[in-house]
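# Structural features, examined
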Amino acid sequence: MTPVTRQEVLGLYRKIFRIAKKWQSASGQVEETLKEKDYIKKEAKTLFRKNKDVTDPKLIKQCIEECEARIEIGLHYNIPYPRPIHLPPMGLAHKQGRTFRQQEKLRKISKPIYLKSHDEIS
């Protein structure tokens with residue numbers, strides 16, 4: 001990891017914790033706010049620790065882009081959780097056969113960048 005990339009990653013990590021410190025839930029309830037703050041911190045720690053050994057520059061750039069996208073979406077919609085994706089047509093195909101394999105392929109292709117790591121840790 002180059003020094004510039006390292007600074008960028010650490011800057012994102014600090015930015016996430018500053019956001020968590022100032023976070024207010026959309027409902028305005030104290031317990032909801034605390035729950036969302038805890039989720040933001042826990043999610044950041046989990047994903048950053050999971051990716052700490054990544055050395056491929058392309059993969060690092062992809063992780064940085066995902067992080068930035070999740071930050072922007074969370075701030076815009078005031079929801080810390082990843083937004084769900086819409087299923088492609090025939091999204092509820094049978095669990096076997098060619099149709100199911102095609103649906104799995106479509107889901108992988110249509111998955112937005114901000115959800116790439118979500119299924120890996122959930």
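Structure's up top.
Note that this is a predicted model, so its numbers are computed, not measured.

About the thresholds
Residues numbered from 1 in each chain as written. Predicted model: local features only at pLDDT ≥ 70, side-chain atom pairs only at ≥ 80, totals over all residues. Heavy atoms only, no water. Axes fitted to C-alpha atoms, helices over the stretch in contact; angles between N-to-C directions. Helix = DSSP H or I, 4+ residues; strand = E, 2+ residues; numbered from the N terminus. Parallel < 35°, antiparallel > 145°, perpendicular 65-115°, else oblique. Left-handed = near helix turned anticlockwise from the far one by under 90°. Contact = heavy atoms within 4.5 Å. Nonpolar A, V, L, I, M, F, W, Y, C, P; charged D, E, K, R; others polar.

### Thoughts on the packing of helix H1 (residues 3-22) against helix H2 (residues 30-50)
Contact geometry of H1 with H2 gives a least axis separation of 8 Å together with a crossing angle of 165°. Viewed along their axes, H1 and H2 adopt a mutual orientation that is roughly antiparallel. Viewed along their axes, H1 and H2 form a crossing whose handedness is left-handed. Counting all contacts with H1, which are made through Val 9, Leu 12, Tyr 13, Ile 16, Phe 17, Ala 20 and Lys 21, the residues of H2 involved are Lys 37, Ile 40, Lys 41, Ala 44, Lys 45 and Phe 48.

### Some points on the packing of H1 against helix H3 (residues 57-77)
In a packed pair of helices, the relevant descriptors are the angle between the two axes and the axis-to-axis distance. Here H1 crosses H3 at 25°, and the two axes come no closer than 11 Å. Our classification of the angle between H1 and H3 gives roughly parallel. Here the hand of the crossing between H1 and H3 comes out left-handed. From H1, Thr 5, Glu 8, Val 9, Leu 12, Lys 15, Ile 16 and Ile 19 reach across to H3, where they touch Ile 60, Lys 61, Ile 64, Cys 67, Glu 68, Ile 71, Glu 72 and Leu 75. Of the residues in the contact of H1 with H3, the class split is nine nonpolar, one polar and five charged.

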